[in-house]
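Tertiary structure, described
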Amino acid sequence: ALKGSGLKKDAINAMYVGNMLSGILSNQQHVSPLIATAAGLNGIETTTIEACCGSGGAALRWGYMAIASGMHENVLVLGVEQMTHSDRDSVTKGLATASHWEKEGALG
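Calculation criteria
Residues numbered from 1 in each chain as written. Predicted model: local features only at pLDDT ≥ 70, side-chain atom pairs only at ≥ 80, totals over all residues. Heavy atoms only, no water. Helix = DSSP H or I, 4+ residues; strand = E, 2+ residues; numbered from the N terminus. Buried < 20%, exposed > 50% of the residue type's maximum accessible area, 1.4 Å probe, protein only. Pairing = 2+ DSSP bridges. Axes fitted to C-alpha atoms, helices over the stretch in contact; angles between N-to-C directions. Core = buried A, V, L, I, M, F, W, Y, C linked by side-chain atoms within 4.5 Å. Contact = heavy atoms within 4.5 Å.

Some thoughts on unusual backbone geometry
- In this structure, N27 takes a positive phi of about 55° despite not being glycine.
- Among the structural elements, N27 can be located in the loop between α2 (22–25) and α3 (31–38).
- Residues other than glycine seldom take positive phi values, yet C52 does so here, at roughly 50°.
- By the element assignment, C52 lies in the loop between β2 (45–49) and α4 (55–68).
- A relative accessible area of 28% places C52 in the partly exposed class.

Dropping the structure here:
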């Protein structure tokens, strides 16, 4: 995405990452700084946004607001999930946390 934008890395002011399940399935809550470091974007503002299945859309909204408000000129927005490394029951239970747990999720 960064290559396609025509921007250099030092032009990116912030990164917003939408993610729901990394803490549940990978024991990794600190997703956005890890991605920024892997992409060579050290030192920028990073935030992981969790909004169940709408996490990517929420991240896009945060990025839009950051630019529209004048806070940042260029932001990187991502929506990421990895579920293939976990077993079906763990993924199903993780996805069920997006429901009302007592009335829906805990019932299978």
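Quick notes on the sheet that holds strand β3 (residues 75–79)
- Read across the sheet, three strands follow the order β2-β1-β3 without closing on themselves; strand pairing throughout is parallel. The sheet is open, and its two edges are formed by β2 and β3, each paired on a single side. Pairs of neighbouring strands in the sheet enclose a mean axial angle of 15°, with direction left out of account.

Section: the nonpolar core
- Counting nine residues, the largest nonpolar core consists of L2, I12, M15, V17, V31, A36, L41, I44 and L76.
- Secondary-structure elements contributing two or more residues to this core are β1 (14–18) and α3.
- Contacts of I44, omitting those with residues within four sequence positions, involve I12, N13, A14 and M15.
- Listed in part, the seven residues of the second largest apolar core include A58, A59, A66 and V75.

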